[in-house]
Amino acid sequence: MGHSIKRKEDARFIQGKGNYVDDIKLPGMLHMDIVRSPYAYAKIKSINAEEALKIPGVIAVVTGKDLEKYNLHWMPTLMSDTQMVLPTDTVMYQAQEVAAVIATDRYAARDGKEAVMVDYEPMKPVIDPFKALDEDAPVLRTDKEGKTDNHIWNWSVGDKEATDKLFDSADVTVKEQMHIPRIHVASIETCGCVADYNKVENHLTMYMTTQAPHAIRTVIALVAGHVGLTEEKVRVISPDIGGGFGGKVPVYPGYVIAIAVSFLVGKPVKWVEDRSENLQADSFARDYHITAEMAATKEGKIQGIRFKLLADHGYTDAAANPSKFPTGLFSICTGSYDYGTAYLEADAVYTNKPPGGVAYRCSFRVTEAVHAIERITDRLALEIGKDPAQLRFENFIKKEDFPWKSPTGWEYDSGDYHAGLQKAMDAIDYEGLRKEQAEKRARGEMMGIGISTFTEIVGAGPSKDFDILGIKMFDSAEIRVHPTGKAIARFGTKSQGQGHETTYAQIIAEELGIPAEHIQIEEGDTDTAPYGLGTYASRSTPTAGAAAAVAARKLRDKARKIAAYLLEVSEEDLEWEPGKFFVKGAPEKAKTIQEIVFAAYTNHPQGMEAGFEATHYYDPPNLTFPSGAYICVVDIDKETCEIKVRRFVAIDDCGNIINPMIVQGQVHGGLTQGIAPAMYEELIYDEDGNILNGTLMDYLVPTAVESPNWETGHTITPSPHHPIGAKGVGESPTVGAPPAIANAIVDALSPHGITHMDIPITPYKVWKVLKEKGVVE
Amino acid sequence: MKKEITVTINGEAHTVEVEPRLLLVHLIREQLSMTGTHIGCDTSSCGACTILVDGKSIKSCTMLAIQADGKSIITVEGLATVEGLHPLQEGFKENHGLHCGFCTPGMMLRAVELLEKNPNPTEEEIRWGISGNLCRCTGYNNIVKAIQYAGAKIRGEELPSTEPEFV
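As the structure is a prediction and not an experimental result, all values here were calculated from the model.

A. Highlighting the overall build of chain A. The secondary structure content of chain A amounts to 18 helices and 33 strands. Relative to a compact globule of 777 residues, whose C-alpha radius of gyration would be 28 Å, chain A shows 27 Å and is just as compact. Taken along its principal axes, the extent of the C-alpha atoms in chain A is 85 × 70 × 50 Å. Considering chain A as a whole, with its 777 residues, one finds that 58% of them fall into the buried category. Across chain A, the fraction of contacts at a sequence separation of at least 24, relative to all contacts at a separation of at least 6, is 79%.

This is the structure in structure tokens:
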């Protein structure tokens, strides 16, 4: 633990020996391509496959009507809504799957797709989520019996009465309307699968880009059990994954169609979407409209918040939140500050846009929450003319006040917010920057400094509150040590680049004294790995990492018994140091873990179970609450309105650190995924529901040029309830960076009367507001 | 309709019959089963499919297989030699220049040409030099370090530290 050992998984990746879904090639494998709707909302009058079927190599064209015969044309979403696999009569968003073409190779499948003729009758779509709630708005989900509007759900938390009272009487209140734009994970590998149904064995092997293979197996059995695919007949293999970020949690129609076709024709079927399909149809993230309000004393003591949300879910709620939390963990939005009054209310609506609401590198809507609280806190600072760092220092929850009960019901486990912000300010020379800024302002130049001091909530989650489709959100580890002292460990999670093969081995090495290089880590095969809910929401270290530590401790207890037997002493007379037990006061009388493991197979005490294996299913007692203090400096060119991130310092506190190199790598990557929505990325739709930037040519994923040189560091406040004191870090930077950047830009523009800007903040947007204010031509 | 072509990949000559419209990346991945070269987009934006064609880094999704007739290609599978890993492979591993590994082959092959043309690039030259290759995981800091490390190794200079630096 705590060592930057190089990654074990890299050897295959740097030599082209990774094994991603599209690399899988099975004998007789067919290829599938998907016909998609050009309209956001239309009736399907007819689908004519005649010409497509004439193309050499094209075997079949599958429509919703074909799937309907097997009752496979609809499927449940993870939020207990329903989603079409293929439509029988109506398409609900542009790029929706309409029919599937099956062919002997990729090119024939694409030719077939071009030749399928679909006759549509377009209808006027509902795109604006606010208008979707108008009384005269057309009802989109006519498939739902008795549905009379486009409202999905209403949810609230906190004390409404007390909050309203506070806002009526507070010295100072501030309010901003914010949009957290619809964005896409855009992992460099798209989604895909190879469905391999074996008719003789009645067995399906599903190779699939999934972050949650076990949950997928259960979902397949629930959806297709009635046609014979019961759970023991389904094996899901998630091979190497080329980035996930939450986008590979849901079940997309393409997977289900591939399974159905393989089931019907008895041959393996490969489906790999192309990039544009991925951007246009797979689950989006964010798309929250937030009205954020904060109340405070005139001296700047924060007293309460009141947030109202509107969630645009597209045509179905296909988010991937824990069942009891329709807005995910948005209620962490009270932030890092000490006050007791809050009320949040959320409504969700259907529109003619792709479904989703996935947790893109964020523990279920925490990004939206952190953006709102960190922006409105800066807004308060501006209102009362107090330095935003000073305001934060005066309002932080103190480290001695943990565990701390939040007004929305969470119990923060630990934190030292003052130390984090102080470290970030020292690292970036905050005072020096403010002086420089004052000089530049006097000269009419635009420079901004932005702070974000966020609290995350990750590691879902305790079984009393957390489940997905009823399955509790524990996770698991199984450790098997071979006679010669080398081990294999298997997990219910699934790395998509996080480095589990290295960090899990380090945890076991720490607990058991076997060198990390002697521990093989395996994930992603439901036939061999213990059941778990997978990797997302920064949950792998908090749940499966904890399971690894507890399983290893079970083995250490067994090792103590065997050592006592071998050394002929009582267990109490033994002491442990990593790698061996020795007799207290006589360190030369010792047995190494390797000797002990060998004895477990060759000379174990009579009456003891032979072998050296342990499994643990870890049910966390609480979530973990990582935190961070980020400071960003921007310069804005008055002529071009170009925004340059000059410096960005990120101080994270993720508790105890397993591998500093990997933690830093996670922070770097997350920060670039934070600058992306802050300055570049947004999925844009016109009023007819056409996506205006559905390819990588115009959806602006940052390159090495846009991405600044990140400066990172940490403070360490261990989680008191996690077996190794770790908290998880993968998502903190994605969550914490956007408000730091937005706050810096607004700070730069604030002398011109600008109090808020919606992300992504582009040069064009800056030019527009500065022109409105008469600052530029 | 099919045309016979000969391409040399990682030193081995392959004579194959291809459809004129076959993309070079599909020839390499599907017909010749070398799957280290990846596909990340359909608009030649991401660079995951970058290979070397007669020493020049090329996005192999933008080139037809028949255009590679008579050419010599290096893919990620051909980077290492009997002596060991290529300095870029070593640089990426030692500096944590990869997470999921999907962009890595293309990124390394782009950097091969970059370092050949400019053996001692500045950070800014590296960042512009790899701006045709997208990485969604690493935030690029460590990719820059990996390329600097490989540059030092190729130049025969003392290798920079691979320990992570913290503020």
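There is more to say, and it comes next.
B. Expanded view of the environment of A:Ile127. All names here are of chain A. Here Ile127 lies in the loop between strand S8 (117-122) and strand S9 (151-158). Considering only alpha carbons, one finds Ile127 and Cys191, 64 residues apart in sequence, at a separation of 26 Å. Residues within four places of Ile127 in sequence aside, it is in contact with Thr351, Asn352, Lys353, Tyr685, Glu687 and Gly689.

C. Spotlight on unusual backbone geometry. Residue and element names in this part refer to chain A. In this structure, the amide linkage connecting Phe402 to the following residue, Pro403, adopts the cis form with an omega of -5 degrees. Relative to the helices and strands, Pro403 resides in the loop between helix H10 (388-395) and strand S19 (404-405). In the segment running from Ile759 into Pro760, the intervening peptide bond is cis, with an omega of -5 degrees. Relative to the elements of secondary structure, Pro760 occurs in the loop between helix H17 (732-749) and helix H18 (763-772).

D. Region of the structure containing the packing of helix H14 (residues 540-567) of chain A against helix H15 (residues 593-602) of chain A. Residues and elements named next belong to chain A. Relative to each other, H14 and H15 sit at 90 degrees, their axes nearing to 9 Å. One element, H14, and the other, H15, form an angle in the roughly perpendicular class. Between H14 and H15, the contacting residues are Ala559, Ile562, Ala563 and Leu566 on the first element and Ile593, Ile596, Ala599 and Ala600 on the second. Looking at the contact of H14 with H15 residue by residue, the classes come out as eight nonpolar, no polar and no charged.

E. How the structure looks around the domain arrangement of chain B. All names here are of chain B. The domain boundaries assigned to chain B delineate domain 1 (3-78) and domain 2 (87-155). Of the residues lining the interface, 17 residues belong to domain 1; the matching set on domain 2 comes to twelve residues. Residue assignment for the side of domain 1 that touches domain 2 shows that the elements contributing at least two residues are strand S3 (50-53) and strand S4 (56-59). A total of three residues in the side of domain 1 that touches domain 2 trace back to one element, the largest contributor, which is S3. Taken together, the residues of the side of domain 1 that touches domain 2 break down into seven nonpolar, nine polar and one charged.

F. Region of interest: the confidence of the model for chain B. In this model, chain B carries a mean pLDDT of 98, and residues with pLDDT of at least 70 account for 100%. Confidence metrics for the complex model read pTM 0.98 and ipTM 0.98.

G. Structural view of the interface of chain A and chain B. Listed by partner, the interface residues are 52 residues for chain A and 46 residues for chain B. Of all the elements in the fold, those that place two or more residues in the side of chain A that touches chain B are helix H1 (10-13), helix H8 (275-281), helix H16 (660-680) and strand S33 (711-714) of chain A. Per element, the largest residue contribution to the side of chain A that touches chain B is nine residues, and it comes from H16(A). Across the side of chain A that touches chain B, the residue classes break down as 18 nonpolar, 22 polar and twelve charged.

H. Spatial organisation of the packing of helix H3 (residues 104-117) of chain B against helix H5 (residues 141-155) of chain B. All names here are of chain B. Closest axis-to-axis distance for the H3/H5 pair is 11 Å, and the angle between their directions is 45 degrees. Taken together, the axes of H3 and H5 are oblique relative to one another. For the pair H3 and H5, the sense of crossing is right-handed. Packed against H3, whose contacting residues are Met107, Ala111 and Leu115, the element H5 presents Ile143, Ile147, Ala150, Gly151 and Ile154 at the interface.

I. Broad picture of the nonpolar core. All names here are of chain A. With 300 residues, the main nonpolar core has Met32, Val101, Met206, Ile259, Ile508, Ala548 and Ile741 as its most contacted residues. Among the elements that make up this core, the one with the highest residue count is H14 (eleven residues). Not counting chain neighbours up to four residues away, the residues in contact with Ile508 comprise Ile479, Ala487, Ala489, Ile514, Ile519, Ala548 and Ala552.

J. Local environment of the pairing of strand S17 (residues 341-349) of chain A. All names here are of chain A. A large share of S17 lies buried, amounting to seven of its nine residues. Pairing analysis gives seven bridges linking S9 to S17, with the strands arranged antiparallel. If you follow Ser156 over to S17, its bridge partner there is Glu345. Examined bridge by bridge, strand S16 (residues 302-312) and S17 share nine bridges and lie parallel to one another. By the bridge assignment, Phe307 is partnered in S17 with Leu344.

K. Up close: the environment of A:Val701. Inspection of the secondary structure puts A:Val701 in the loop between H16 and S33. Of the residues examined, A:Val701 has 21 C-beta atoms within 10 Å and is grouped as buried. A:Val701 sits 138 residues away from A:Ala563 along the chain, and the two C-alpha atoms are 56 Å apart. Residue contacts for A:Val701: discarding those within four places in its chain leaves A:Ala186, A:Ala676, A:Glu681, A:Leu696, B:Leu134 and B:Arg136.

L. Quick peek at the domain arrangement of chain A. Residue and element names in this part refer to chain A. As far as domains go, chain A holds domain 1 (10-123 + 191-272) and domain 2 (475-618). Taken together, the contact between domain 1 and domain 2 spans 17 residues of the former and 14 residues of the latter. Those elements giving two or more residues to the side of domain 1 that touches domain 2 turn out to be helix H6 (213-224) and strand S13 (234-237). Looking at side-chain class alone, the side of domain 1 that touches domain 2 contains eight nonpolar, six polar and three charged residues.

M. A look at the sheet that holds strand S30 (residues 613-618) of chain A. Residues and elements named next belong to chain A. Here we have four strands laid out as an open sheet, ordered S26-S25-S24-S30, and mixed in their pairing. Of all the strands in the sheet, the pair left with one neighbour each is strand S26 (519-523) and S30. The mean inter-strand angle of the sheet, taken between neighbouring strand axes irrespective of direction, is 15 degrees. Looking at chain direction, strand S25 (residues 487-491) and S26 are connected through five bridges and run parallel. Note that in S26 the partner of Ala489 across the bridge is Ile521. Taken strand by strand, helix H13 (residues 500-512) contacts strand S24 (475-481), S25 and S26, and its axis lies near 130 degrees from that of S26.

How each quantity is defined
- Residues numbered from 1 in each chain as written.
- Chains lettered and ligands numbered in written order.
- Predicted model: local features only at pLDDT ≥ 70, side-chain atom pairs only at ≥ 80, totals over all residues.
- Helix = DSSP H or I, 4+ residues; strand = E, 2+ residues; numbered from the N terminus.
- Rg over C-alpha atoms; globule rule 2.2 N^0.38 Å.
- Buried ≥ 20, exposed ≤ 12 C-beta atoms within 10 Å, placed from the backbone.
- Contact = placed C-beta atoms within 7 Å.
- Axes fitted to C-alpha atoms, helices over the stretch in contact; angles between N-to-C directions.
- Parallel < 35°, antiparallel > 145°, perpendicular 65-115°, else oblique.
- Nonpolar A, V, L, I, M, F, W, Y, C, P; charged D, E, K, R; others polar.
- Domains from an automatic or database assignment.
- pLDDT = per-residue confidence, 0-100.
- Left-handed = near helix turned anticlockwise from the far one by under 90°.
- Core = buried A, V, L, I, M, F, W, Y, C linked by C-beta atoms within 7 Å.
- Pairing = 2+ DSSP bridges.

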